[in-house]
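One-letter residues, chain by chain:
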Amino acid sequence: MKTIIKLSCFVTVLSLVLSCEKELDLSFPVTPSQMVIEGWIENGMPAQVILSHSAPYFSAIDSNNIIDFSETHAKVTLYSGSDHEILTLKPNQSYFPPYLYKSSRIKGTYNQSYTLEIIKFDTITRQYDTITASTTIPEPVELDSVWFETDPGMETKGRIWIRLSDDGSKANYYRLLYKRKGKDSRYVATNISTFNDVMINGKTAEMGFLRGYSSLADVEKENYFEKGDTVSIKFCTIDKEQFDFWNVYQSKVIASANPLATSNNLLKSNIKGGLGMWTGYGATYYLVIVK
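Criteria and cut-off values
Residue positions are counted from 1 within each chain, in the order its sequence is given. Local features in this predicted model are restricted to residues whose pLDDT is 70 or higher, and side-chain atom pairs enter the listing and the counts only when it is 80 or higher, whereas totals over whole chains, interfaces and linings include all residues. With hydrogens and water set aside, each side-chain value is computed from the structure's full complement of heavy atoms. Secondary structure elements follow DSSP: runs of H or I no shorter than four residues count as helices, runs of E no shorter than two count as strands, and numbering proceeds from the N terminus. Buried residues are those whose accessible area, probed at 1.4 Å on protein chains only, stays under 20% of the maximum for their type, while exposed residues exceed 50% and partly exposed ones sit between those limits. All accessible-area figures derive from a Shrake-Rupley calculation using a 1.4 Å probe, and residue coverage is judged against the displayed protein chains alone. Residues are treated as being in contact if the distance between any of their heavy atoms lies within 4.5 Å. Pairs of strands are assigned from DSSP output, requiring at least two bridges between the strands. Polar contact is defined as a pair of N or O atoms within 3.5 Å, subject to the rule that within protein one atom must be able to donate a hydrogen and the other to accept it, and that residues adjacent in sequence are counted only when both atoms are side-chain atoms. The term salt bridge refers to a pairing of a side-chain nitrogen on Lys or Arg with a carboxyl oxygen on Asp or Glu at a separation within 4 Å. A pair of Phe, Tyr and Trp rings is counted when the ring centres sit within 6.5 Å of each other, with Trp represented by its six-membered ring. The angle between the planes then sorts it: under 30 degrees is stacked, over 60 is edge-to-face, the rest tilted. By definition here, charges over rings are those cases where NZ of Lys or CZ of Arg is within 6 Å of the ring centre and within 35 degrees of the ring normal. For helices, the fitted line uses only the C-alpha atoms of the stretch in contact; every axis is such a line through C-alpha atoms, and the angle between N-to-C directions lies from 0 to 180 degrees. To form a nonpolar core, buried Ala, Val, Leu, Ile, Met, Phe, Trp, Tyr and Cys residues must be joined to one another through side-chain atoms within 4.5 Å.

Enquirer: Looking at this structure, how should I read the overall build of the protein chain?
Expert: From N to C terminus, the protein chain includes two helices and 17 strands. The burial tally for the protein chain puts 39% of its 291 residues in the buried class. If you sum the accessible surface of the protein chain, you get close to 17,600 Å²; carbon and sulfur atoms cover 54% of it.

Dropping the structure here:
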């Protein structure tokens with residue numbers, strides 16, 4: 001019988017008093033801009049790829065200059081075995097930047113490998129740059145059940161809970177996303193979205209999740225799910241390389257929201273010649289009507 005375990009998911013200020021003031025001239029090195037790739041493919045769905053360019057840390061990005069950071073003139077080709085397809089660029093306001101390269105004919109199949117090739121003309125070097133990345137879609141894992149439960153002391157607000165029976169014969173890596181009907185235009189990662197089976201290997205676990213934030217402009221102050229929400233849950237299996245990337249990314253997002261926290265881990269990308277991640281999702285979907 002499987003064991004059921006339940007998991008709920010000084011700054012010292014130094015003041016220097018000087019007898020005279022000295023003007024500090026701080027200069028930060030400017031690193032060359034690089035292509036940033038956020039792409040994914042899942043079983044039964046087309047490939048989707050967002051291309052942008054990295055920017056200096058203190059750069060201001062707004063509606064007036066967003067096009068300068070978008071990449072809309074690349075040739076993006078998807079390879080799967082002996083087959084290939086050039087992805088089509090389409091506007092999509094659900095993402096930032098608001099453009100999406102998408103396949104139309106090739107759909108994802110689990111246990112199949114997919115390679116991206118991105119070719120872009122560099123106006124500085126006057127040469128074509130080639131960026132590549134490969135991923136495999138792991139076999140999906142189904143959840144035992146998904147439900148909503150209010151937090152203690154709250155009448156209408158709470159978490160989405162999942163019950164997962166983990167396969168103890170191998171290491172497993174997971175990612176959880178959600179989309180609320182009428183509130184979210186795309187799937188958003190939960191607050192602690194990426195986890196492995198180190199603590200639950202071969203066991204059945206129940207885990208509760210809060211909402212994540214869809215962007216830095218997310219104006220909702222609380223990250224509870226609420227009664228009245230209709231929530232689509234996307235539960236994904238991923239491989240270790242993708243887990244390592246999204247787990248570090250997750251820690252950086254959490255640290256950025258807390259002025260007392262820091263994250264020194266580096267993002268380990270699978271992109272050759274650029275930044276970001278090309279992810280293969282073994283996905284299953286569930287609908288939760290919060291009552």
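Still to come is the rest of the account.
Enquirer: Would you explain the environment of T156 in this entry?
Expert: Looking at the element boundaries, T156 is found in the loop between strand 10 (145–150) and strand 11 (157–165). For T156, a relative accessible area of 37% puts it in the partly exposed group. Distance in space between the C-alpha atoms of T156 and G228 is 8.7 Å, their sequence separation being 72 residues. Those residues in contact with T156, other than ones at most four positions away along the chain, are F148, T150, F225, E226 and K227.

Enquirer: I tried to follow the pairing of strand 3 (residues 46–53) on my own but got confused; where do I start?
Expert: Within a regular strand, the side chains alternate between the two sheet faces. When you tally the buried positions in strand 3, you get seven out of eight residues, the bulk of the element. Across six bridges, the pairing between strand 2 (residues 35–42) and strand 3 is antiparallel. Residue I37 lies in a different strand from strand 3, and its bridge partner there is L51. The turn linking strand 2 back onto strand 3 is made up of three residues, and G44 within it adopts a positive phi angle of 80 degrees. When strand 3 meets strand 7 (residues 99–107), the two strands line up antiparallel, connected through three bridges.

Enquirer: Would you take a moment to explain the environment of I41 for this structure?
Expert: Along the polypeptide, I41 turns up in strand 2. Residue contacts for I41: discarding those within four places in its chain leaves P46, A47, L78, K107, G108, Y114, T135, I137, W278, T279, G280 and Y281.

Enquirer: I would appreciate a short explanation of the side chain of R159 in the present structure.
Expert: Following the sequence through the fold, R159 ends up in strand 11. Judged by its relative accessible area of 13%, R159 falls in the buried class. Looking at R159, its side chain comes within polar contact range of the side chain of D151, at 3.1 Å.

Enquirer: Teacher, can you tell me more about the pattern of salt bridges here?
Expert: Opposite charge on two side chains makes pairing possible when the charged atoms of those side chains draw close. In this structure the tally under the stated criterion is eight salt bridges. In this structure, the salt-bridge partner of K183 is D229, at a minimum N-O distance of 2.8 Å. One end of the pair, K183, is in the loop between strand 12 (173–180) and strand 13 (188–196); the other, D229, is in the loop between strand 15 (225–226) and strand 16 (230–238), and 46 residues separate them in sequence. The exposure class of K183 is partly exposed, given its relative accessible area of 45%.

Enquirer: Would you mind showing me how to read the packing of aromatic side chains here?
Expert: Ring pairs (aromatic) are described by centroid distance and by the angle formed between their planes. Under the definition given, this model contains 12 aromatic pairs. Ring centres 5.7 Å apart and planes at 70 degrees place the aromatic pair Y187 and Y285 in the edge-to-face group. Of this pair, Y187 sits in the loop between strand 12 and strand 13 while Y285 sits in strand 17 (residues 275–289), and the two are 98 residues apart along the sequence. Judged by relative accessible area, Y187 falls into the partly exposed class, the value being 21%. For Y285, a relative accessible area of 37% gives the class partly exposed. Note on F195 and F209: the rings are 6.0 Å apart at their centroids and 35 degrees apart in plane angle, and the pair reads as tilted. Of this pair, F195 sits in strand 13 while F209 sits in strand 14 (residues 204–209), and the two are 14 residues apart along the sequence. F209 carries the same exposure label as F195, and that label is buried. Every member of this aromatic cluster is reached through a ring pair, and the members are Y174, F195, F209 and F235. Between R175 and the ring centre of W246, over which it is positioned, the NZ or CZ distance is 3.8 Å. Its end group placed over the ring of Y187, K234 keeps NZ or CZ at 5.6 Å from the ring centre.

Enquirer: Where do I start with the sheet that holds strand 12 in this structure?
Expert: Strand order in this open sheet of eight strands is 6-7-3-2-17-16-12-13, and the pairing throughout is mixed. Of all the strands in the sheet, just strand 6 (88–91) and strand 13 have a single pairing partner and so form its edges. When the angles between neighbouring strand axes are averaged without regard to direction, this sheet yields 30 degrees.

Enquirer: How do you make sense of the nonpolar core when you look at a structure like this?
Expert: Note on soluble globular proteins: their nonpolar side chains tend to be buried together. Of all hydrophobic cores here, the largest spans 23 residues; its most connected members are V146, I162, L164, F195, M207, I233 and F235. Going through the elements one at a time, strand 10, strand 11, strand 12, strand 13, strand 14, strand 16 and strand 17 are the ones with two or more residues in this core. In contact with V146, not counting residues within four places along its chain, are I160, W161, I162, I233, Y286 and V288. In terms of nonpolar packing, the next biggest core, distinct from the first, is built from 20 residues, A47, V76, L78 and W278 among them.

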